[in-house]
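This is what each chain is made of:
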Amino acid sequence: MTITYREALREALREALTEDERVFLMGEDVGAYGGCFGVSLGLLEEFGPERIRDTPLSESAFVGAGIGAALGGMRPIVEIMTVNFSLLALDQIINNAATLRHMSGGQLGVPLVIRMTTGAGRQLAAQHSHSLEGWYAHIPGLRIIAPATIEDARGMLWTALEDPDPVLLFEHGSLYNVPGELAADAAAVDIDRAAIRRAGGDVTLVGYGGTLRTALTAADELAADGVEAEVVDLRTLRPLDEDTVLDSVRRTHRLVIVDEGWRTGSLSAEIAARAAEAALYELDAPIERVCTAEVPIPYAKQLEDAALPQAADVVAAARRAVG
Amino acid sequence: MWWPRPGGRWGDVADFLMPSLGADMDEGTILEWLVKPGDVVHRGDVVAVVDTSKAAVDVECFTDGTVEKILLPVGEKVPVGTPLAIIGDGAPEPPQAVTKPEPATKPQPLASPPVRTFAKQAGVDLAAVHGTGRGGAITRADVEQVLAPRARRPEPAGVRVSPYAKRLAGELGVDLATLPGPVLHARDVHAAARQPVQAQRPQAERPQAEQSMRQTIAALMSRSKREIPHYYLSITIDLQTALEWLHEYNRGVGVQDRVVPTALLIKATALAAAKVPALNGHWVGGAFRPGDGVRLGLAVSLRGGGLLVPTLADPGALALNEVMRTLSDVVARARTGRLRSSELAPATLTVTNLGDLGAESVQGVIYPPQVALVGFGAISKRPWAVGDLLGVRPLVTATLAADHRASDGAIGARFLDALDKLLQRPEGLR
């Protein structure tokens, strides 16, 4: 069955709403409008306004309400239109959702799933193009997942809802229209392990979410030159599946990290640091990072392209590493 | 660099400096001076030959003038920028007695007051500082350069080694100091590890070389047992037919051309490896790479301990007497440390024969990155079922240690079967 990433997400929502009556979806324009990116189109008609709830434009309020509902025994899915607007709910996410289990001595859990769009590449300019998932991956008490494939878009939500603690699910905006094959019996997938999306022995390319495709495209180009790249999809950004990444490095001895976040203090820095801590004597070349240029994301198409990690940049970095 | 000249006269004097003859050249050696003091030189004249460690390069001079003094003798290695000679305008020195230069009239290097203060505080003599500012003026950075040249500009002192390459070098017993830079990766270490370091050792260094051979063997064998999931198979081969045939063969040739059974076993092994290519090659980067032809490594034990594994290029393609000749030649030279570079090429399969000492079979350790090792024990007469009767036959136990990553037991069994069949039809090994 060929469906788009968007449809896979919708199927996951539909399944969750059908299977568990504690599940409901709320967010800006998720109901009558069908979601800013069309993910929840048709769900209001199918499940009614009690379970598909349009909220006022106040991220702090509706994320807070989601936390309250989760504490009260519900399994809320909160959609924040994009990660850029989640900043208005940072206090709720970081000071409440992430901390309550700890502060209540384990008495209270917040089984909340927050979905949001992340990333640039669609000429939405500096205020609508952030890739801040790396920031959230800094916070203990949160689990951060980033489906990059149709299968993960379909399967990660249910597993996230099973988690007794808050899970933030990041959907890269460039992926919604991407079609792909999905098995008819596709089901929940794990949200613990990174995945090797392409095997190769010469260099490890690490990506996630929107940068997985960049890495895979680069790997194809490298293969044409006889360089076999192994592509690791992180899938879960916190807790990081260090083992899968480092095992790959132990095979290839070269590491290139592709991250749409800015380089400084980023997820790519974290991975590089862990490779240096745990696999230094496996590295046969300096670690390479391909990140977004350290500027606010430009609006102009050619400038935005220049700022973001492109497959050609990954190819160049991999060539430097392979030497 | 132009300096005002002492002695009350502003003549033009140029230092002729060690040039940078390439982005990666840090120092050079004068191989030859083509001028001597008093020679008149012109811009573009070749004045010296410099060894850049890559090549000998003719070096031109950039000024017209007369060579006043050669500062650096032939053979000395100096950093880029070191003055090598002084080239002046050829005007005679003014009589010293007339003007009698005072120390105070020595030209003061150009430097701003704050830089002078800084240099004074830091105890740096400005005369020794090379100015890079406007008009050759000395800047604060120039003084700092003198103060902490290492901290300011980390010289890639010789060779940089990747951490993985460094680790491998330790494991494989490769001396990194012997490898050419500027950057060493794992592949350089692997390449060096394939060249047995002890191959051409001078006699005097024997104990040390033996030590290093022990370490090489230790590193390689540890790596083999650590990384390679070995599986072992063995077969007992009846050599009656082969030995009878060999006996007949030897009757027809002169004493010096007689062939020993080992040569037969080696040729059969090479031919069997060609028939079962999955055991002939290397496990590299997580995958099997079949060998390009059969290059058979031959484990040769040395009398003083240790072993060498010279490579025989495709013994399967040689006539049996050629195999024999090569075998005795290589073994003799391996034991006197005079192997040729072609015999140090990486083998695709190794064979070891411990039968001389009576051992019945060998459960070998594979020589990485190869994927198999063939062992032969002693050929001895033993009871053996022949048809439905018990006979006494010359038997040899052939063993195979193989890398289970690269092949499975069935492949190994096919190899041993091929080996047996080849030895049952010795005329095919002629």
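Computed from a predicted structure; not experimentally measured.

S.K.: Would you take a moment to explain the overall build of chain B for this structure?
M.R.: A count of helices and strands for chain B gives 11 helices and 22 strands. For chain B, with 430 residues in total, the buried portion stands at 30%. Long-range pairs, those at least 24 residues apart, make up 58% of the contacts in chain B with a sequence separation of at least 6.

S.K.: I tried to follow the overall build of chain A on my own but got confused; where do I start?
M.R.: Within chain A one finds 13 helices and 14 strands. Relative to its full complement of 323 residues, chain A shows a buried share of 52%. Counting contacts in chain A only where the partners sit at least 6 residues apart, residues at least 24 apart contribute 78% of the total.

S.K.: Quick question: what am I supposed to make of the sheet that holds strand β7 (residues 167-172) of chain A here?
M.R.: Pairing between the strands of a sheet is mediated by backbone hydrogen bonds and can be parallel or antiparallel. All names here are of chain A. With respect to topology, seven strands assemble into an open sheet ordered β3-β2-β4-β5-β7-β6-β12, the strand pairing being mixed. Each edge of the sheet is formed by a strand with only one pairing partner; in this case those strands are β3 (52-54) and β12 (236-238). Each neighbouring strand pair of the sheet contributes to a mean axis angle of 20°, computed without reference to strand direction. Bridging between strand β2 (residues 23-27) and strand β4 (residues 75-82) involves five bridges; their strand directions are parallel. Of the residues in β4, the one forming a bridge with Val23 is Arg75. Relative to β2, helix α1 (residues 5-19) is tilted by about 130°, and along the sheet it contacts β2, β4 and β7.

S.K.: I keep staring at the interface of chain A and chain B and nothing clicks. Help me out?
M.R.: Every contact between the two is made by 11 residues of chain A and, on the other side, 10 residues of chain B. Classifying every residue of the side of chain A that touches chain B by side-chain character gives four nonpolar, three polar and four charged.

S.K.: When you look at the nonpolar core in this model, what are you seeing that I'm missing?
M.R.: One recurring pattern in soluble globular proteins: nonpolar side chains tend to sit buried together. Membership of the largest hydrophobic core comes to 111 residues, with the highest contact counts inside it found for Leu205(A), Val256(A), Val314(A) and Ala318(A). In this view, Ala318(A) contacts Val203(A), Leu205(A), Ala218(A), Leu222(A), Val227(A), Ala229(A) and Val256(A); residues no more than four positions away in its chain are not counted.

S.K.: What's the story with the pairing of β2(A) in this structure? I'm lost.
M.R.: Within a regular strand, side chains alternate between the sheet's two faces. Residue and element names in this part refer to chain A. In terms of residue burial, β2 counts as a mostly covered element, since five of its five residues are buried. Judged by which residues are buried, β2 turns out to be covered on both faces: Val23, Leu25 and Gly27 on one side and Phe24 and Met26 on the other are all buried. Summarising the sheet, β2 and β3 pair through three bridges and their orientation is parallel. Looking at the pairing, Leu25 lines up with Ile52 of β3.

S.K.: Which parts of the structure should I look at to understand unusual backbone geometry?
M.R.: Here Arg238(A) and Pro239(A) are connected by a cis peptide whose omega angle stands at -5°. Take Pro239(A): it is sitting in the loop between β12 and α10 (242-252). Following Pro368(B), the chain continues to Pro369(B) via a peptide bond in cis, the omega torsion being 5°. If you trace the backbone, Pro369(B) turns up in the loop between β19 (349-353) and β20 (372-376). Located in the positive-phi region is Asp29(A), a residue other than glycine, with phi close to 65°. Positive phi, close to 70°, is recorded for Ala125(A), a residue that is not glycine. By the secondary structure assignment, Ala125(A) is in the loop between β5 (113-118) and α7 (133-136). Its 14 C-beta neighbours within 10 Å are what place Ala125(A) among the partly exposed residues.

S.K.: Which parts of the structure should I look at to understand the pairing of strand β3 (residues 27-33) of chain B?
M.R.: Residues and elements named next belong to chain B. Strand direction decides the pairing type here: β3 and strand β8 (residues 77-79), joined by three bridges, are antiparallel. Looking at the pairing, Thr29 lines up with Lys77 of β8. When β3 meets strand β5 (residues 46-51), the two strands line up antiparallel, connected through four bridges. Bridge pairing in β5 links Ile30 to Val50.

S.K.: Please clarify how the environment of Arg143(A) should be interpreted in this entry.
M.R.: Residues and elements named next belong to chain A. Assignment of secondary structure puts Arg143 in strand β6 (residues 143-145). Exposure remark for Arg143: the 23 C-beta atoms within 10 Å place this residue in the buried category. Between the C-alpha atom of Arg143 and that of Val113, which follows or precedes it by 30 residues, the distance is 9.6 Å. Not counting chain neighbours up to four residues away, the residues in contact with Arg143 comprise Asp163, Asp165, Val167, Ile191, Thr236 and Arg238.

S.K.: What's the story with the sheet that holds strand β11 (residues 229-233) of chain A in this structure? I'm lost.
M.R.: Residues and elements named next belong to chain A. The sheet built from five strands is open, its strands ordered β9-β11-β10-β13-β14 with mixed pairing. Each edge of the open sheet carries a strand with a single partner, namely β9 (195-198) and β14 (288-292). Pairs of neighbouring strands in the sheet enclose a mean axial angle of 25°, with direction left out of account. By the bridge criterion, three bridges tie β9 to β11 in an arrangement that is antiparallel. Within β11, the residue paired with Ile196 across the bridge is Val232. Packed on one face of the sheet, α10 meets β9, β10 (203-207), β11 and β13 (255-262) and runs near 175° to β11. In the packing of helix α13 (residues 311-322) onto the sheet, contacts are made with β10, β11, β13 and β14, and the angle to β14 comes to roughly 165°.

Each value, and the rule that gives it
Residues numbered from 1 in each chain as written. Chains lettered and ligands numbered in written order. Predicted model: local features only at pLDDT ≥ 70, side-chain atom pairs only at ≥ 80, totals over all residues. Helix = DSSP H or I, 4+ residues; strand = E, 2+ residues; numbered from the N terminus. Buried ≥ 20, exposed ≤ 12 C-beta atoms within 10 Å, placed from the backbone. Contact = placed C-beta atoms within 7 Å. Pairing = 2+ DSSP bridges. Axes fitted to C-alpha atoms, helices over the stretch in contact; angles between N-to-C directions. Nonpolar A, V, L, I, M, F, W, Y, C, P; charged D, E, K, R; others polar. Core = buried A, V, L, I, M, F, W, Y, C linked by C-beta atoms within 7 Å.

Just distances and angles here, no functional claims.
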